Each structure stands twice: as C-alpha cells, then as structure tokens.
Amino acid sequence: MDTLIQDVRHAARLLRKSPGFTAAALITLAVGIGANTAIFSVVNAVLLRPLPFPEPDRLVFITREGDVSILDGVDWRAQSRTHQSIALFLRNWAFDLSGGGEPERLVGSVVEPEYFQVLQTPPELGRVLTAADNVVGAPQVAVLSHAFWTRRFAGERDVIGRGVVLSDVPTTIVGVMPPEFDFLADGIDLWVPVAAATPQFLPERGTNNFDAIGRLRPGVTVEEARAEMVAISQRLEKAYPDSNRRKIVEPLPLLEFMVGDVRRSLWVLLGAVGLVMLVGSVNLAGLLLARSQARSGEFALRMAVGASAGRLVRQPAGRGPVAGLAGRRRRDAGRRVGTRRAGGGGPADAAASASRAAGRARARVRPRRVARLRRPAEPVARVPGDRARIPARS
C-alpha cells in the first residue's frame, strides 16, 4: 500500500512539472468522455430504454394516408381480430381554464376512453375516462397530467371532484395520471372525452382529424396485424369510396413510429463520438509513449539500483488516474478556499493552519541545511612547487 501511495505521489509530481502535457491529456479525456456521455444518454433515453407502459412491444401506432375519423375507428374495432383495443385521440386541443385561480390557456388531448385501455396505465389519483363519459350530453370530465396537477394545484390530493371551467363548460376533475404517462403526451395538460369536447366530429366519416394507437393481442405480430388492417381498409374503401379511397392502414411499432428516421442518425452520431474517443485515446497513448522514451535513462538507472519491472510499469500507468482526478481536486480546493473566505473555522481549522505553516517553515529551513552539508569541511591550500591540494592547518 505504501508503495502504491508513493507511485501516485510520484505521478502527481511529474504532472505538475509538465503543465503542457497535463493540459493536453485533460482536454483530450474531457472532450472524448463528455461527448460519449452526452450522446449515449440520448441514445439510452430514446432507443434503448423501453416505453414506460406495460408490454410496450404490443403497442402500435396505426397510420394511413391522412388522419382518421371517429367512424373509421369504430369500424376498425368491430372488424379487427388482431388488436386487443384501438383508440383514437386528437392532440393539441386548446382549452381556456377559468375558476379556481388565474385564467390560463391549456393544451389538452381529446381522446376516446379506449385510449387508457390501450396504454394500460392506472391513474395516480381517481379514475380514467369510461364509456359513460363519452356520451353526447354527459357532464364533461377531465383527467389531469401529473405535470399540470403539480403546477396548477400544487399536488393537492383532494383535487378529485373539484370543478373547473374549460372553455365556458363546467368540468369535473376525475383523475390524475402518473408522471410516466406524460411520455407519450409531452406538454399535454389534460385529457377530455371526444363526445363532450368535439361532438361535431362524431357523425362525419370525412372529418379526418384523429390519430390512432392500438394494442395487439398476445402472440400477434405486427406483420399479421398489418395484413389484417390492409384487408379492412380495402373493405372500407369499397363501402365508402368517397372518404376512404386509397387509404391503406399500416400499424407500426409505437417506439419505431416515435423515433422515426432519428434512429439511424443517433447510431451514426454515437459511432462518431466513439471514434473521437478512440482517436483521443490513441493520441494520449502516443504522448505517454513519447514521455516514456524520454525517461529511458531514468528507467535504466532505477533498474540498476534494484527497482522491479512491475513498479517501473506502475509508475507511468498511474498518471492516467491522477490526471482524471485533477479536476475533482481543483474543485474541492476551490470549495475549501470559499469556505475559509466565508469565515468558517474552528480549532480544527486552526490546527490545520498551524500544521501548514510548520510545513512551510520546514521547507524554508531544509535548503539551508543542504547547503551547509555541501560546504567543504576544511579550506585547502596550494603548496609551492607541488600540484597536490592538501588541507590547510588551522
């Protein structure tokens, strides 16, 4: 252990003596590690981490040429055997909130009750929308997002049953969703049923304003669901040629739809920053090799006086960890300086200050002692006619 501590101290002294080399090593490592950490964090959040819903591999986004009408969704649910549930939703619907505080413009989502069945996420408080809420003439209700609940109502748990006014319509809060549910509806403040918010869209097949998501039945593949939805689309085209002509439906995995073309770009970017890290590591290894070559004479001398080969290898290798800890040591030093300037101190600080002062005093005395030891013990005199140097007698 003592040998390891000595090697670390030796590496720190060498780094202090070579500020240019130390700065180059720190910059190289900082750029490579920082870029890789940043890009990998994005890749992990977007590509590697699964969606925060139960069995996310069964979730699909149902796409087609143009948006979807409510009556199309009704036909899909009636004819599909590969989907456990299909729900239509309309994002970014504006509501004016009044009552119970300052008026506010909200961004809501108009959804069918099946929306919550597809995602299978239980509410944090209260309940989700039901079929009884999605009836024309029924009292309007709303489910709040977690972010809006904490921002507007300060996380009050008695918010269930409280009444607000949305665009001049009295609305009752019936539920609050957990934070992970905001993943799919980023920026959405609340969810309201279709029949209460947009009843004009219900009877019109040509009003294609909605998106659709679905959950496959267990054991059903996306290819099987796609083949079935193509057949359903062809039947609907024959039945309703005016509104469904050339509108072929294609289910896509939800994660694939959300990522889209970004997947390939992120992988390419991760490979690029990995290459930057590799180039930086090779450059740093070259710098270390060059310095080791410059110290070949020192290594030979150390081996001559009995140093082991393992220790000769361990000393240069210890510079990497010491360089990596340099930033943290500077940060801690800055904190200590800030604490002393702020007036902090006590007996322990006084003792530490005295110890440092004593150390500085010893450092000043040591060169004098060394100079005194190096001074000749006796003066010498030259004897006439002789080239030999003999001590002069006192």
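Keep in mind it's a predicted model, so treat the numbers as computed, not measured. Residue numbers restart at each chain and count upward from 1, following the sequence in its written direction. Restriction of local features to residues with pLDDT of at least 70 applies here, the model being predicted, together with a cutoff of 80 or more for giving and counting side-chain atom pairs; totals for whole chains, interfaces and linings are based on all residues. Based on all heavy atoms of the structure, the side-chain values leave hydrogens and waters out of the count.

1. A short note on the overall build of the chain
Quick reminder of the rule: Secondary structure elements are taken from DSSP: a helix is a run of H or I of four residues or more, a strand is a run of E of two residues or more, and numbering for both begins at the N terminus. Note on exposure labels: buried denotes an accessible area under 20% of the residue type's maximum, exposed denotes more than 50%, and partly exposed covers the range between, all computed with a 1.4 Å probe on protein chains only. We call two residues in contact when some of their heavy atoms are within 4.5 Å. Values of accessible area rely on a 1.4 Å probe in the Shrake-Rupley scheme; residue burial ignores everything except the protein chains shown.
Secondary structure assignment for the chain yields 15 helices and 12 strands. Of all 394 residues assigned to the chain, the portion counted as buried reaches 34%. Residue pairs at least 24 apart in sequence account for 75% of intrachain contacts in the chain once pairs closer than 6 positions are excluded. Accessible area for the chain stands at about 23100 Å²; split by element, carbon and sulfur atoms hold 58% of it.

2. Digging into the nonpolar core
The condition is simple: Nonpolar core, defined: a set of buried Ala, Val, Leu, Ile, Met, Phe, Trp, Tyr and Cys residues in which side-chain atoms within 4.5 Å join the residues together.
Counting 36 residues, the largest nonpolar core has Ile 62, Trp 76, Phe 95, Leu 144, Phe 153, Leu 166 and Val 192 as the members making the most contacts within it. In terms of nonpolar packing, the next biggest core, distinct from the first, is built from 22 residues, Phe 116, Ile 188, Trp 191 and Ile 213 among them.

3. Observations concerning the side chain of Asp 211
Along the polypeptide, Asp 211 turns up in strand 9 (residues 211-216). In this structure Asp 211 touches Phe 61, Asp 67, Ala 87, Leu 88, Phe 89 and Arg 91, once residues within four positions along its chain are discounted.

4. Some details on the confidence of the model for the chain
Applicable threshold: For every residue, the predictor reports its confidence as pLDDT, a number between 0 and 100.
Averaged over all residues, the pLDDT of the chain is 76; the fraction at 70 or higher stands at 73%. Highest mean pLDDT in the chain belongs to strand 4 (residues 125-126) (95); lowest belongs to helix 15 (residues 347-374) (42).

5. Focus: a positive patch on the surface
Rules: The patch calculation keeps residues exceeding 30% relative accessible area without a salt bridge and links them within 9 Å when they carry like charges or within 5 Å when they are nonpolar (Val, Leu, Ile, Met, Phe, Trp, Tyr). Here, a salt bridge means any Lys or Arg side-chain nitrogen found within 4 Å of an Asp or Glu carboxyl oxygen. When charges are tallied, Lys and Arg are placed among the positive residues and Asp and Glu among the negative ones, while His and the ends of the chain are skipped. Here the site of a charge means NZ on Lys, CZ on Arg, CG on Asp, or CD on Glu.
On the surface, Arg 9, Arg 13, Arg 16 and Lys 17 cluster together into a positively charged patch. Among the secondary structure elements, Arg 16 is positioned in helix 1 (residues 2-17). Using a relative accessible area of 60% as the deciding quantity, one classes Arg 16 as exposed.

6. Remarks on the pairing of strand 3 (residues 104-111)
Selection criterion: A pair of strands is considered paired only if DSSP assigns at least 2 bridges between the two.
When strand 2 (residues 83-98) meets strand 3, the two strands line up antiparallel, connected through 7 bridges. Bridge pairing links Leu 97 to Glu 104 in strand 3.

7. Section: unusual backbone geometry
For residues besides glycine, phi is generally negative; the peptide bonds are generally trans as well. The backbone of Glu 55 shows a phi angle near 45 degrees, a positive value even though the residue is not glycine. Checked against the element boundaries, Glu 55 lands in the loop between helix 2 (19-48) and strand 1 (59-63). For Glu 55, a relative accessible area of 42% gives the class partly exposed. In this structure, Asp 168 takes a positive phi of about 70 degrees despite not being glycine. Tracing the sequence through the fold places Asp 168 in the loop between strand 6 (163-166) and strand 7 (169-176).

8. Focus: the pairing of strand 7
Where strand 4 lies against strand 7, 2 bridges are found, and the strand directions are antiparallel. Within strand 7, the position partnered with Gly 126 by the bridge is Gly 175. Examined bridge by bridge, strand 5 (residues 140-144) and strand 7 share 5 bridges and lie parallel to one another. Looking across to strand 7, one finds that Ala 142 is bridged to Ile 173. Relative to strand 7, strand 6 is paired through 4 bridges, and the arrangement is antiparallel. Bridging across to strand 7, Leu 166 finds its partner in Val 169. Remark: 2 residues form the turn of the hairpin made by strand 6 and strand 7, two consecutive strands paired antiparallel; Ser 167 in that turn has positive phi of roughly 50 degrees.

9. Considerations on the packing of helix 3 (residues 70-79) against helix 7 (residues 222-239)
The cut-off we apply is this: Under this scheme, a helix contributes an axis fitted over its contacting stretch, all axes are lines through C-alpha atoms, and angles between N-to-C directions fall in the 0 to 180 degree range. The labels follow the angle: roughly parallel below 35 degrees, roughly antiparallel above 145, roughly perpendicular from 65 to 115, and oblique for the rest. Working rule for handedness: look at the near helix, and if it is turned counterclockwise from the far one by less than a right angle, call the crossing left-handed; if clockwise, right-handed. Residues are grouped as follows: Ala, Val, Leu, Ile, Met, Phe, Trp, Tyr, Cys and Pro are nonpolar; Asp, Glu, Lys and Arg are charged; every other residue, Gly included, is polar.
Where helix 3 meets helix 7, the closest approach of the two axes is 11 Å, and the angle between their N-to-C directions is 125 degrees. Our classification of the angle between helix 3 and helix 7 gives oblique. Classified by chirality, the crossing of helix 7 by helix 3 is right-handed. Residues Asp 72, Asp 75, Trp 76 and Gln 79 of helix 3 touch helix 7, and the partners they reach there are Glu 228, Met 229, Ile 232, Arg 235 and Leu 236. Considered class by class, the residues forming the contact of helix 3 with helix 7 number 4 nonpolar, 1 polar and 4 charged.

10. Some thoughts on empty space enclosed by the protein
Rolled over the atoms, a probe sized like a water molecule indicates the empty space that remains. Rule in force here: Of the two site types, the cavity is a set of points on a 1 Å grid over the protein atoms alone where a 1.4 Å probe fits but cannot get out, and the pocket is an open set with protein on both sides within 12 Å along at least five of seven lines, each lined by residues with an atom within 4 Å of a point. Grid points are joined across faces, edges and corners, and a volume is the space filled by probe spheres set on the points.
Per the stated rule, a full pass over the model turns up 1 cavity of 30 Å³ or more. In this structure, the largest cavity occupies an estimated 40 Å³ of space. In terms of lining residues, the largest cavity is bounded by Leu 97, Leu 106, Ala 142, Leu 144, Phe 148, Phe 153, Val 164, Leu 166, Ile 173 and Leu 190. For the lining of the largest cavity, the elements supplying multiple residues, two or more each, are strand 5, helix 5 (146-153) and strand 6.

11. A few points about the environment of Val 74
Its location among the elements puts Val 74 in helix 3. Residues Val 74 and Ile 86, spaced 12 residues apart in sequence, show a C-alpha to C-alpha distance of 8.8 Å.

12. Looking at the environment of Val 169
Considering the arrangement of structural elements, one finds Val 169 in strand 7. Along the backbone, Val 169 and Gln 140 are 29 residues apart, and their C-alpha atoms lie at a distance of 7.5 Å. Leaving out residues up to four positions away in the same chain, Val 169 has contacts with Gln 140 and Val 164.

13. Here we look at the packing of aromatic side chains
Test applied: When two rings of Phe, Tyr or Trp (its six-membered ring) have centres within 6.5 Å they constitute a pair, described as stacked for plane angles under 30 degrees, edge-to-face for angles over 60, and tilted for the intermediate range.
For the coordinates displayed, the defined rule picks out 10 aromatic pairs. Ring geometry for Phe 89 and Tyr 115: centres 5.4 Å apart, planes at 55 degrees, overall tilted. Placement of the pair is Phe 89 in strand 2 and Tyr 115 in helix 4 (residues 114-119), with a sequence separation of 26 residues. Of the two residues examined, Phe 89 and Tyr 115, each falls in the buried class. Ring centres 5.9 Å apart and planes at 90 degrees place the aromatic pair Phe 148 and Phe 153 in the edge-to-face group. What makes Phe 148 buried here is its relative accessible area of 2%.

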